[in-house]
Amino acid sequence: MRTDPVAVLEGMYAAEAAYLTEGDFAALAPFFAPDVVLHQAAALPYGGDWRGHEGMAAFFAAMSRTWDVFELVDQAFLATTSPLVVLTHVHARARATGRELDFPILQTITVTGGRITEVRPFYWDTAAIAAACG
């Protein structure tokens, strides 16, 4: 397993893209610490805190049910030591409505011992995302 925080994130993003087409959390699990916590804004269709590998598997399943397309179009690493700060431009299409959106997400991601331990995404407009998802 890689220990460089940026390499860990890049590997995880590649595994996430594969998950969205294959639906297998096993490829993602090694990137996350067993006690990982993901904090999503409550207003999102997949909002709340997701804990541990079981929680992360449930989160990715919820994301897959919500989005037909979720592409990380462009990423900029604003801080490359833990916690990392990543600005991502996303192109997405909601399964329920077919509506397409382009939006930024700013994330802080803590990596300890080569694994992601905490993720805090900040969406520009959670109301627009929730509305697009129906």
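So, here is what we can say about the structure in this document. These numbers come from a predicted model, not from an experiment.

**Considering the pattern of salt bridges**
Summed over the entire model, instances satisfying the criterion amount to five salt bridges. Measuring nitrogen to oxygen at the nearest pair gives 3.8 Å for the salt bridge that ties Asp-49 to Arg-51. Here Arg-93 makes a salt bridge to Asp-68, at a shortest N to O gap of 2.6 Å. Of this pair, Arg-93 sits in strand β4 (residues 84-94) while Asp-68 sits in strand β3 (residues 67-79), and the two are 25 residues apart along the sequence. The class for Arg-93 is partly exposed, based on a relative accessible area of 27%. Three or more residues joined by partner-sharing salt bridges are found here, namely Asp-68, Arg-93, Arg-95 and Glu-100.

**Considering the packing of aromatic side chains**
Centre-to-centre distance and the angle between the planes together describe a pair of aromatic rings. Scanning all chains against the criterion turns up 10 aromatic pairs. An aromatic cluster of at least three residues, connected via ring pairs, comprises Phe-25, Phe-32, Tyr-46, Trp-50, Phe-59 and Phe-60.

Parameters at a glance
- Residues numbered from 1 in each chain as written.
- Predicted model: local features only at pLDDT ≥ 70, side-chain atom pairs only at ≥ 80, totals over all residues.
- Heavy atoms only, no water.
- Salt bridge = Lys/Arg side-chain N within 4 Å of Asp/Glu carboxyl O.
- Helix = DSSP H or I, 4+ residues; strand = E, 2+ residues; numbered from the N terminus.
- Buried < 20%, exposed > 50% of the residue type's maximum accessible area, 1.4 Å probe, protein only.
- Phe/Tyr/Trp six-rings, centres within 6.5 Å; stacked < 30°, edge-to-face > 60°.

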